[in-house]
Amino acid sequence: MSTVRKPFEQSYYPPVPTPLTKALRTNWVWQFLRFLVINVRMLRMVRMH
Amino acid sequence: MARLLILGAGIAGHTAALHARRKLGENHEVVVVSPNSRWNWIPSNIWVGVGVMTPEQVTFPLAPVYEKTGVIFRQARAVSLHPDGSEGVSRPYVMVESTEPGKAGARERLEYDYLINATGPRLHFDATEGLGPEKNSLSVCTAGHAAQAAVGLDEAVARMQRGERQTLLIGTGHGTCTCQGAAFEYLFNVEFELRRRGVRDKARLVWISNEHELGDFGMGGMFIRRGGYITHSRVFTESLYTERGVEWITQAAVKKVDRGEIHYETLDGRQESIRSDFTMLLPPFSGVGLKAFDREGVEITESLFAPSNFMYVDGDYTKKPYEEWSPSDWPETYRSPRYDNIYAVGIAFAPPHPISRPMFIPSGTPIYPTPPRTGMPSGVMAREVAFNIVDKMEGREGKTRTASMAKMGAACIASAGASLMRGTAVSMTVYPIIPDFQKYPDTGRDIHYTSGEIGLAGHWIKHLLHFAFMYKAKARPLWTAIPE
């Protein structure tokens, strides 16, 4: 469908993050670890070519 | 002595110029032609568009860098291409017209032995009535456009601070746009900025796009591992829109932009309108419209360029249905099939077909994204093409380097709010860029190398990349250690 869909309309239920998931997105310690992981992933992409 | 002529000094052209210059002996010339006097790190324009950076922070003058590195620079735009020369001129050449203050309009013939077309796109605002910063909508395609968008945003915020409710419409301004990622970044940076300025409750944010579903990004979306499932980027993206309270309109081709009202057609043929107080819509891209002529002066543009004005290279341009598309359709060396000393990289090369499945309204209007070919892939193909040309100019018989998007991965960081402590960005990797459903029948891509997650770490990386790529583009010490 190509209509304007408001969040939580009866016809559609996208997943929403829990408070813990949202908190982890800006938690410095957790995000520092993710920073390392994402950089490793990106370097793998770079090494492929 | 041989001369490499590069048209364009964006990510692709500038990368090719710096790599070719450092590899070539001093007996050869590298000449860059660009109508712009400044280099622009385009991925940071979205931060200019919300006022957290200035145009000066995302650009720098090209001339001093080229003077330092030994590249000859002409501030000019290419007017015509003469790959066989012309009467009285035996060598191939490009006619350029100066855009330098004081010399504007002066023409010069630049002969070449090898040519790289890296002109990037023409921002085709005229494709939609009323579209563009000179008419009724804003853009973040250039640093100047983005600065204008920031002023428009400030005005909308001021109205909200006075208690008025505002509708902000952000997305794509035509049925065949690409670069949904840039509009996506702008949308979520605006949303973040509205929260930071304390007026989010006064704003209705609406996304409008030619994507079939959210999360397509012109790549047909992607599958990622998430919470014990393999799930499509649509789910991930819809979740973010829902969380941030953003409404969305997909499968839409904007047909007309009036001041305060946007008219669009949907894939099922409906004609709709939406009122908007702040409108940022990206334009569709086309080639810059370079004309080509043979030795006798007969126009041969159609044999070198697709109808979109992008240049044909070594891809398979045979028209075939979606089901018959193959990764091998995509170019590897980016060399013109007609002239073996002409190449096209970045947005300037004609893709053999889209990546997302083409969709048409019964009336025939296309509504699907054209393929993205910017950023990391653009830099990689420019570097490989430059190295191949250097080998030829130096007379070396080396193995031809290839950079097919069907065999290349890409990393992309999409900002969703600029703050070193509270910002977020979506960090994505895909491999390969062009899905290969023969090799990966269920997902089209290698699920071990294709990923996506949102968090503050992504913002840190995007912020670091801004400084790293500005440093690299200035050819400062050890710049080659920073990958494309």
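Residues numbered from 1 in each chain as written. Chains lettered and ligands numbered in written order. Predicted model: local features only at pLDDT ≥ 70, side-chain atom pairs only at ≥ 80, totals over all residues. Heavy atoms only, no water.

Peer 1: How should I be thinking about the nonpolar core in this particular structure?
Peer 2: A general trend in soluble globular proteins is that nonpolar side chains are found buried together. Counting 128 residues, the largest nonpolar core has L81, Y186, L194 and W207 of chain B as the members making the most contacts within it. Counting residues per element, this core draws most heavily on helix α9 (residues 375-393) of chain B, which supplies 8 residues. Apart from the residues lying within four places of it in its own chain, the contact partners of W207 of chain B are I170, G171, Q180, A183, F184, L187, L214, Y241, V246, E247, W248 and I249 of chain B. Judged by nonpolar contacts, the second largest core, of 14 residues, contains F35, I38 and M45 of chain A together with Y440 of chain B. (Core = buried A, V, L, I, M, F, W, Y, C linked by side-chain atoms within 4.5 Å. Buried < 20%, exposed > 50% of the residue type's maximum accessible area, 1.4 Å probe, protein only. Helix = DSSP H or I, 4+ residues; strand = E, 2+ residues; numbered from the N terminus. Contact = heavy atoms within 4.5 Å.)

Peer 1: Can you walk me through the pattern of salt bridges in this structure?
Peer 2: Opposite charge on two side chains makes pairing possible when the charged atoms of those side chains draw close. All names here are of chain B. Summed over all chains, the structure comprises 39 salt bridges over all chains. R234 is paired through a salt bridge with E238; the nearest N and O atoms lie 3.1 Å apart. You can see R234 and its partner E238 sitting in helix α7 (residues 233-243), 4 residues apart, about one turn around the helix. The closest approach of N and O atoms between E261 and R275, which form a salt bridge, is 4.0 Å. In this pair, E261 is assigned in strand β16 (residues 261-266) and R275 in strand β17 (residues 271-275), connecting sequence segments 14 residues apart. When its relative accessible area of 26% is taken as the criterion, E261 is described as partly exposed. The exposure class of R275 is exposed, given its relative accessible area of 55%. Beyond isolated ion pairs, a larger network of salt bridges with shared partners links R383, E384, R401, K472 and E484. (Salt bridge = Lys/Arg side-chain N within 4 Å of Asp/Glu carboxyl O.)

Peer 1: When you look at α7 of chain B in this model, what are you seeing that I'm missing?
Peer 2: The periodicity of an α-helix, 3.6 residues per turn, causes residues three or four positions apart to be oriented the same way. Residues and elements named next belong to chain B. For α7, a buried count of 8 out of 11 residues is recorded, marking the element as mostly surrounded by other parts of the structure. Within α7, burial applies to S233, F236, T237, E238, S239, L240, Y241 and T242. After α7 finishes, the residue G245 shows a positive phi value of roughly 70 degrees.

Peer 1: Looking at this structure, I do not really get the packing of helix α1 (residues 11-23) of chain B against helix α4 (residues 62-69) of chain B. What am I missing?
Peer 2: Packed helices, taken two at a time, are described by the angle their axes make and the gap between the axes. Residues and elements named next belong to chain B. One can describe the packing of α1 onto α4 by two numbers: an axis separation of 10 Å at closest approach and a directional angle of 20 degrees. What the angle tells us is that α1 and α4 run roughly parallel. Two packed elements cross with a definite hand, and for α1 against α4 that hand is left-handed. Of α4, the residues touching α1 (which contributes H14, A17, L18 and R21) are L62, V65, Y66 and T69. Taken together, the residues that form the contact of α1 with α4 break down as 5 nonpolar, 2 polar and 1 charged. (Axes fitted to C-alpha atoms, helices over the stretch in contact; angles between N-to-C directions. Parallel < 35°, antiparallel > 145°, perpendicular 65-115°, else oblique. Left-handed = near helix turned anticlockwise from the far one by under 90°. Nonpolar A, V, L, I, M, F, W, Y, C, P; charged D, E, K, R; others polar.)

Peer 1: Just to check I follow, could you spell out a nonpolar patch on the surface for this structure?
Peer 2: Taken together, W30, F32, L33 and L36 of chain A make up a surface patch of nonpolar side chains, about 380 Å² in accessible area. Assessed through its relative accessible area of 36%, W30 of chain A is described here as partly exposed. (Patch = residues over 30% accessible without salt bridge, like charges linked within 9 Å, V, L, I, M, F, W, Y side chains within 5 Å. Areas by Shrake-Rupley, 256 points an atom, 1.4 Å probe, with all protein chains shown as cover.)

Peer 1: I tried to follow the sheet that holds β16 of chain B on my own but got confused; where do I start?
Peer 2: Paired through their backbone hydrogen bonds, the strands of a sheet run either parallel or antiparallel. Residues and elements named next belong to chain B. With respect to topology, 3 strands assemble into an open sheet ordered β15-β16-β17, the strand pairing being antiparallel. The open sheet has two edge strands, β15 (252-258) and β17, and neither has a second partner. Sheet twist, expressed as the mean angle between neighbouring strand axes with direction ignored, is 25 degrees. Sheet topology note: the β15/β16 ladder contains 6 bridges and is antiparallel. Of the residues in β16, the one forming a bridge with A253 is E265. (Pairing = 2+ DSSP bridges.)

Peer 1: I keep staring at the interface of chain B and chain A and nothing clicks. Help me out?
Peer 2: Quoted interface sizes are often the accessible area lost when the parts come together. Between chain B and chain A, the contact holds 46 residues from the first and 30 residues from the second. Summed over both sides, the interface between chain B and chain A buries roughly 3,400 Å², with carbon and sulfur atoms accounting for 65% of that surface. Contact with chain A buries surface across chain B, with E243, W248 and E453 of chain B losing the most and accounting together for 16% of the total. Linking chain B with chain A are 3 salt bridges, by the criterion used here. With a shortest N-O distance of 2.7 Å, R25 of chain A and E243 of chain B are connected by a salt bridge. Summed over the shared surface of chain B and chain A, the result is 9 residue pairs in polar contact (both at pLDDT 80 or more). Of the residues contributing to the side of chain B that touches chain A, the split by class is 21 nonpolar, 14 polar and 11 charged. (Buried area = accessible area lost by both parts, 1.4 Å probe. Polar contact = N/O pair within 3.5 Å; in protein donor to acceptor, adjacent residues only side chain to side chain.)

Peer 1: Before we go on, may I ask you to explain the sheet that holds strand β23 (residues 425-430) of chain B in this structure?
Peer 2: Residues and elements named next belong to chain B. Taken together, the 3 strands give an open sheet; going across it, the order is β22-β23-β24, and neighbouring strands pair in antiparallel fashion. Both edges of this open sheet fall to β22 (410-415) and β24 (451-455), since each of them pairs with a single strand only. Going from strand to strand, the sheet's axes swing by 15 degrees on average, the running direction of each strand aside. Relative to β23, β22 runs antiparallel, the two being bridged by 6 bridges. Bridge pairing links A410 to V430 in β23. Of the strands in this sheet, β23 and β24 are in contact with α7, which crosses β24 at around 15 degrees. Against the sheet, helix α10 (residues 456-473) makes contact with β22, β23 and β24, and its axis sits at roughly 105 degrees relative to β22, the strand it touches most.

Peer 1: Any chance you could explain the packing of helix α6 (residues 180-196) of chain B against α7 of chain B here in plain terms?
Peer 2: All names here are of chain B. Between α6 and α7, the least distance of the axes is 11 Å, while the angle of their chain directions is 25 degrees. Of the possible angle classes, the one that applies to α6 and α7 is roughly parallel. Once α6 is placed against α7, the crossing between them reads as left-handed. Taking contact as the criterion, the partners of F184, L187 and F188 in α6 are, on α7, T237, L240 and Y241. The class makeup of the residues in the contact of α6 with α7 is 5 nonpolar, 1 polar and no charged.

Peer 1: Teacher, can you tell me more about α6 of chain B here?
Peer 2: Residues and elements named next belong to chain B. The terminal C-alpha atoms of α6 lie 24 Å apart, and with 17 residues this matches the ideal 24 Å at 1.5 Å per residue to within 8%. Counting buried positions over the 17 residues of α6 gives 13, a clear majority of the element. Backbone geometry just downstream of α6 places G198 in the positive-phi region, at approximately 75 degrees. (Expected span 1.5 Å × (residues − 1).)

Peer 1: What should I look at first to understand the side chain of H14 of chain B in this one?
Peer 2: Residue and element names in this part refer to chain B. Note that H14 resides in helix α1. With a relative accessible area of 2%, H14 lands in the buried category. Setting aside residues no more than four positions away along its own chain, H14 makes contact with G8, A9, W39, F60, L62, V65, Y66 and A473.

Peer 1: How should the environment of A386 of chain B be read in this particular structure?
Peer 2: All names here are of chain B. With respect to the helices and strands, A386 occurs in helix α9. Classification of A386 by relative accessible area gives buried; the value is 0%. Not counting residues up to four positions away in its chain, the partners in contact with A386 are A16, H19 and A20.

The analysis is restricted to geometry; functional conclusions fall outside its scope.
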